[in-house]
Amino acid sequence: MTGRKQRWLNPNRGPLKILERNLDLIVSRFLYPRLGHLWSPYSRLLERRFGVADIEVSPTGWPVGGGRLRVLLISDIHTGIFLKPDALAAIVASLMALQPDLVAVAGDLVTGHVSELDPFLEALAPLARAPLGACVCFGNHDYFGGNPEHLGRSLERIGLQMLKNQSVKVTHGAGQLVIGGIDDLVMGRPDWTALAARHGTPHLVLAHNPDHFYAASAQDVPLILSGHTHGGQIRLPNGPPIIRQSRFCLDEGAYAFRSSLLIVSRGLGSVGLPWRWGADPEAVLVEIVPPA
């Protein structure tokens, strides 16, 4: 990657982003609740199309003492009207059977209001059983209800740690690992100075929006885990996403710039329509191998 590829339209700012947000709120709070009993296909789509991608990486600057690390990346769960708690519970159970060392939840746990998370807390609780725990960062939808602190408190009650411009240090094997979470690029107030204040530059950063990538690279962060884009959610065969959420076209997959690596998941949930096409829902199992 050159760092120069970008769209002329910034999808993170401006009137189109405001329009998109308002449409999401109207659909999730007012329109679809009246139609859901007539057409509610998304939980069935998850059962058929959800998959787990896997990737092995060896980031520059990764601590060498801890050995291999298995990180489960989950993003864009979007609890609420399109998703049923039992469908999410079944997916979480299957993911934890993969025995990740650490779970990273890269934002957008809800769709239109933070209270949508409450019926899903029991389904999400097993994520905290990973040996190194489960960390979460805020996404743009997590701010839509106007009370993101409620979401953070709810998650912490079930053992998931919310990181908002914060980092934590964990012990893995004979080494130590710093995990950080940067605030959302669109609705939050990201602060890289605060993120590094306690433990220095993190080895692993959860950043909901992949457009944080170049700022993270400037901070020499070895590995960034993101979501937000849904891989486009709707894609024509062999074509780009119809709606692109990344200014730098970081739609899905793995990217490298200077000494930093970025992994972008298509995520689990759906917004706008209870449907995906050409961008199936996924989680990503990241196998991290310390450099030799």
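The paragraphs below set out a description of the structure included in this document. As a convention, each chain's residues are numbered from 1 in the sequence order in which they are written. With pLDDT at 70 or above as the cut-off, local features in this predicted model cover only qualifying residues; side-chain atom pairs require 80 or more to be listed or tallied, and sums for whole chains, interfaces and linings still use all residues. Note that water and hydrogens are dropped before the side-chain values are worked out from all heavy atoms of the structure.

### Digging into empty space enclosed by the protein
Where we set the bar: Definitions used throughout: a 1 Å grid over protein atoms alone; a cavity as a set of points that fits a 1.4 Å probe which cannot get out; a pocket as an open set with protein on both sides within 12 Å along at least five of seven lines; a lining residue as one with an atom within 4 Å of a point. Grid points are joined across faces, edges and corners, and a volume is the space filled by probe spheres set on the points. Secondary structure counts use DSSP, requiring at least four H or I residues in a row for a helix and at least two E residues in a row for a strand, with both numbered from the N terminus. As a working rule, the residues Ala, Val, Leu, Ile, Met, Phe, Trp, Tyr, Cys and Pro are called nonpolar, Asp, Glu, Lys and Arg charged, and the rest polar, with Gly in that last group.
Applying the stated rule across the entire model yields two cavities of 30 Å³ or more. Considered as a void within the structure, the largest cavity measures approximately 70 Å³ in volume. Surrounding the largest cavity, Trp62, Pro63, Gly66, Gly67, Leu69, His172, Gly175, Gln176, Leu177 and Pro290 form its lining. Tallying contributions element by element places strand S7 (residues 175-181) first for the lining of the largest cavity, with three residues. Taken together, the residues of the lining of the largest cavity break down into five nonpolar, five polar and no charged.

### Focus on a nonpolar patch on the surface
What counts here: In this scheme, patches are assembled from residues that exceed 30% relative accessible area and form no salt bridge. Like charges are connected within 9 Å, while nonpolar side chains (Val, Leu, Ile, Met, Phe, Trp, Tyr) are connected within 5 Å. Surface exposure here means Shrake-Rupley accessible area, sampled with a 1.4 Å probe, where a residue is shielded only by the protein chains that are shown. What makes a salt bridge here is a side-chain nitrogen of Lys or Arg within 4 Å of a carboxyl oxygen of Asp or Glu, nothing more.
Residues Leu16, Leu19, Leu23, Ile26, Phe30 and Leu31 make up a contiguous nonpolar surface patch of about 600 Å² in total accessible area. Turning to its location among the elements, Phe30 is positioned in helix H1 (residues 15-35).

### Describing the pattern of salt bridges
To be explicit about the condition: Buried means the residue's accessible area, taken with a 1.4 Å probe over protein chains only, is under 20% of the maximum for its type, while exposed means over 50%, and partly exposed covers the values in between.
For the structure on display, the rule yields eight salt bridges. Measuring nitrogen to oxygen at the nearest pair gives 3.9 Å for the salt bridge that ties Arg49 to Asp280. Placement of the pair is Arg49 in helix H2 (residues 42-49) and Asp280 in the loop between strand S11 (260-264) and strand S12 (282-288), with a sequence separation of 231 residues. Among the salt bridges present, the one from Asp251 reaches Arg244, with a minimum N-O distance of 2.7 Å. Among the residues examined, Asp251 registers a relative accessible area of 6% and is labelled buried. Note on Arg244: relative accessible area 24%, which makes it partly exposed. Taken together, the shared-partner salt bridges connect Glu56, Arg68, Arg70 and Glu287 into one network.

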